Amino acid sequence: MGPAALVSRTRRALIAVSAEKDPAKSSPSINRRALVRGLAGAAMPVAVALPAAAKALLAPARPEDEGFMREAIDLAARADFPFGAVIVRDGKVIGRGLNLGASLKDPTAHGEMIAIRRVLAEGNPGVLKGATLYTSGEPCAMCMGAIAWCGITRLVFAASLAQLATVIDQIMIPSAEVADKTGFATIEITGGVLASEAMKLFKR
Ligand SMILES: [Zn+2]
């Protein structure tokens, strides 16, 4: 069974990792590529350097969170898939986004990405630094990466990845795990704000 068959059979990631070659020790006839099954819980045969300190700070909701989340959920109700996001800085909404994946024929047009891109289109990426992003569903790894790269320091989501996965396909890497493995940023994460209202949209 080849690697492709294994991927389709297990629906898990199959990652080829090249071990560092040492010409003095390795024989040309030996294939030193190691196949590492990710997400399977198996021990990783290749050491991966991770930041020493955890970078996700799990925090309770703040009084203003419900109001901004309600706005994100209102956007989600009009989206192609029920993901809506608002970006808040200094108590004001500076960006809004909703999933437009089908409308734009763009699988990356997630609510969070649309909100971030709309802010960036105004030409001042610095306003995202220190901002808070509210989203109706826990961000995928792509959106969480964008959050980190843009310097957004607080994330508030409604439905969790585990809740979303009961109704739609998800990449099962929790936002806290992405944050933990992002050595250059510390992101405060609050989950579950109006989660049941968000889940009603996903179950429609
Ligand atoms: Zn996403």
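Above: the structure in question.
Presented here is an overview of the structure given in this document. (Residues numbered from 1 in each chain as written. Predicted model: local features only at pLDDT ≥ 70, side-chain atom pairs only at ≥ 80, totals over all residues.)

1. With respect to the nonpolar core
Formed by 49 residues in total, the largest nonpolar core has its most connected members in M69, A72, A76, I87, Y134 and I147. Element by element, the count of residues in this core is highest for helix α2 (residues 65-76), at 6 residues. (Core = buried A, V, L, I, M, F, W, Y, C linked by C-beta atoms within 7 Å. Buried ≥ 20, exposed ≤ 12 C-beta atoms within 10 Å, placed from the backbone. Helix = DSSP H or I, 4+ residues; strand = E, 2+ residues; numbered from the N terminus.)

2. A word on the packing of helix α3 (residues 111-120) against helix α4 (residues 141-149)
Contact pair α3 / α4: the axes reach a minimum separation of 9 Å and the direction vectors enclose 30 degrees. Compared by their axis directions, α3 and α4 come out roughly parallel. Pair α3 / α4 crosses with left-handed handedness. Judged by residue contacts, E112, M113 and I116 of α3 engage C143, A146 and I147 from α4. For the contact of α3 with α4, the class distribution of residues is 5 nonpolar, no polar and 1 charged. (Axes fitted to C-alpha atoms, helices over the stretch in contact; angles between N-to-C directions. Parallel < 35°, antiparallel > 145°, perpendicular 65-115°, else oblique. Left-handed = near helix turned anticlockwise from the far one by under 90°. Contact = placed C-beta atoms within 7 Å. Nonpolar A, V, L, I, M, F, W, Y, C, P; charged D, E, K, R; others polar.)

3. Side note on the environment of E177
Within the fold, E177 resides in helix α6 (residues 175-180). Classification of E177 by C-beta neighbours within 10 Å gives partly exposed; the count is 14. The spacing of E177 and A141 is 36 residues in sequence and 9.2 Å in space, taken between C-alpha atoms.

4. Observations regarding helix α7 (residues 195-202)
Residues A198, M199 and L201 constitute the buried set of α7. All buried residues of α7 project into a common sector of 150 degrees when viewed along the axis, lining one side. Its buried side turned inward, α7 meets α2, β6 (132-137), β7 (154-159) and α5 (161-164). (Arc of directions from axis to C-beta.)

5. Structural notes on the sheet that holds strand β5 (residues 92-98)
Working definition: the strands of a sheet are paired by backbone hydrogen bonds and lie parallel or antiparallel to each other. Taken together, 6 strands build an open sheet; the order of strands is β3-β8-β7-β6-β4-β5 and the sheet is mixed. The open sheet is flanked by β3 (56-58) and β5, the only strands paired with a single partner. Direction aside, the axes of adjacent strands within the sheet are offset by 20 degrees on average. The pairing of β3 with strand β8 (residues 187-190) spans 3 bridges and is classified as parallel. Bridged to L58 within β8 is I189. Packed on one face of the sheet, α3 meets β4 (84-89), β5 and β6 and runs near 130 degrees to β5. (Pairing = 2+ DSSP bridges.)

That's the geometry; what it means functionally is another story.
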